[in-house]
Amino acid sequence: MDNELKQVVEQAQAEAAGVSDIPTLQALRAKYLGKKGPLAAFFARMKDVPADQRRAFGQSVNEARSQVEAIFQSAHEALEAKALAAKLERERVDITLPGHGPVTGTVHPYTKVVNLLTDFFVGQGYVVKDGPEVESDYFNFECLNIPADHPARDMQDSFFLEGGNLLRSHTSPVQARTMQDHTIELPFKIICPGKVYRRDNDATHSHQFGQIEGLCIGEDASLANLERTLTDMFKYLFGDKAEARFRPSFFPFTEPSIECDVSCFECHGKGCGLCKGSGWIEVLGAGMVNPDVFRLNGIDAEKYQGFAFGIGIDRMAMLLYGIDDIHRFYQDDLPFLKQFGKR
Ligand SMILES: [Zn+2]
């Protein structure tokens with residue numbers, strides 16, 4: 001190949017190497033390989049070349065043309081590869097970044113206790129019953145053996161409404177409503193979780209709190225059955241080491257009545273701040289259903305006996321989770337509520 005052709009190839013090589021984008025490269029390629037390019041000029045000179053050298057000359061020009069085409073081809077491929085690499089880099093997804101999971105709430109400690117106790121009692125064959133929160137004097141007091149002049153009414157300072165109704169001061173009216181419901185066959189076992197209202201307000205009392213009332217009626221339901229049920233419930237809530245203690249008490253709707261304490265799960269009976277040094281924590285009231293309550297609600301008191309108990313939901317949650325103030329249940333304090341997990 002003569003020097004002139006070599007120069008053209010070298011110049012094409014040098015210029016192509018300096019190009020950084022494809023349109024410029026294509027323009028440059030057209031400049032070298034187009035009709036007005038240096039290689040076309042060589043072909044035009046063909047007619048002036050002596051006949052015996054024409055074949056060799058033609059071969060040299062063709063060879064130079066092939067080389068220039070190859071130069072531009074490889075430059076084009078290099079630019080394409082570079083552009084692809086840049087695009088991949090630009091659009092790279094960092095798979096090590098944490099994802100955006102859905103935000104879910106947590107279960108309120110009050111609800112957790114309701115769920116726990118419901119699980120336990122349903123497992124024991126109890127049925128969950130519900131009732132109105134605005135209750136009549138009759139269901140809230142009268143048919144639970146608390147007549148108008150009974151001093152036990154003073155134990156439940158209530159919110160009375162116009163027309164003689166009140167915000168129910170306990171969940172016991174649901175018991176009376178169930179006993180009077182003739183579609184429900186005896187014997188039966190029910191629990192009644194729900195909100196109740198009293199005019200109370202300090203660190204352990206709120207005007208609104210939750211109760212789960214339980215009632216078991218059968219021909220041979222006994223105090224021993226009641227004590228076993230409550231002892232099992234404590235072990236379910238507080239662990240196998242939990243013990244129950246029963247003391248005599250008074251409620252107008254049960255006879256005999258008992259107060260029930262659980263062994264302190266902080267100190268296991270040694271005495272600490274939680275149990276005020278006694279080793280026991282007062283948890284609930286219970287007893288055998290007073291036959292007068294049966295009579296007031298149309299149940300044969302000669303044939304049937306039963307036991308009942310009332311558990312404070314908020315109080316149980318305070319004990320289980322170490323909560324110091326009952327008002328925390330109603331303050332919508334997210335950092336407080338988020339401690340309780342999703343189940
Ligand atoms: Zn203790």
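In every chain, residue numbers begin from 1 and rise along the written sequence. The predicted origin of the model limits local features to residues at a pLDDT of at least 70 and limits the giving and counting of side-chain atom pairs to 80 or more, whereas totals for whole chains, interfaces and linings rest on all residues. As a rule here, side-chain values come from all non-hydrogen atoms in the structure, and water together with hydrogens is ignored.

1. Regarding the overall build of the protein
Starting at the N terminus, helices and strands are each numbered in turn, a helix being any DSSP run of H or I of at least four residues and a strand any DSSP run of E of at least two. Looking only at helices and strands, one finds 11 helices and nine strands in the protein. A radius of gyration in this sense is built from C-alpha atoms; the matching globule rule multiplies 2.2 Å by the number of residues raised to 0.38. Computed over C-alpha atoms, the radius of gyration of the protein comes to 45 Å, more than 25% over the 20 Å expected from 2.2 N^0.38 for 343 residues, which places it beyond the range of a compact globule. Taken along the three principal axes of its C-alpha coordinates, the protein extends 140 × 50 × 40 Å. Long-range pairs, those at least 24 residues apart, make up 66% of the contacts in the protein between residues at least 6 apart in sequence. Note on areas: Shrake-Rupley, 1.4 Å probe, and residue coverage restricted to the protein chains presented here. Carbon and sulfur atoms make up 52% of the accessible area of the protein, which amounts to about 19400 Å² in all. Charge assignment: positive for Lys and Arg, negative for Asp and Glu; neither His nor the chain ends contribute. To locate a charge, take atom NZ for lysine, CZ for arginine, CG for aspartate or CD for glutamate. The average position of the 37 basic charges and that of the 48 acidic charges among the side chains of the protein differ by 13 Å. Between two residues, a contact is recorded if the distance between any of their heavy atoms is within 4.5 Å.

2. Comments concerning the pattern of salt bridges
Salt bridges are counted wherever a side-chain nitrogen of Lys or Arg sits within 4 Å of a carboxyl oxygen of Asp or Glu. Scanning the entire structure with this criterion turns up 11 salt bridges. The shortest N-O distance in the salt bridge between Arg45 and Glu4 comes to 3.6 Å. Here Arg45, found in the loop between helix 3 (38-44) and helix 4 (51-90), pairs with Glu4, found in helix 1 (residues 3-17); they are 41 residues apart in sequence, far enough to count as distant. Here Glu91 makes a salt bridge to Lys87, at a shortest N to O gap of 3.3 Å. Type-normalised accessible area, obtained with a 1.4 Å probe on protein chains alone, sets the label of each residue: buried when under 20%, exposed when over 50%, and partly exposed for intermediate values. Among the residues examined, Lys87 registers a relative accessible area of 40% and is labelled partly exposed.

3. Description of helix 7 (residues 172-179)
In terms of residue burial, helix 7 counts as a mostly covered element, since seven of its eight residues are buried. Along helix 7, the residues classified as buried are Ser172, Pro173, Val174, Gln175, Ala176, Thr178 and Met179. Lining the buried residues of helix 7 we find strand 2 (134-135), helix 6 (137-140), strand 4 (188-197), strand 5 (208-218), helix 9 (291-296) and strand 9 (305-312).

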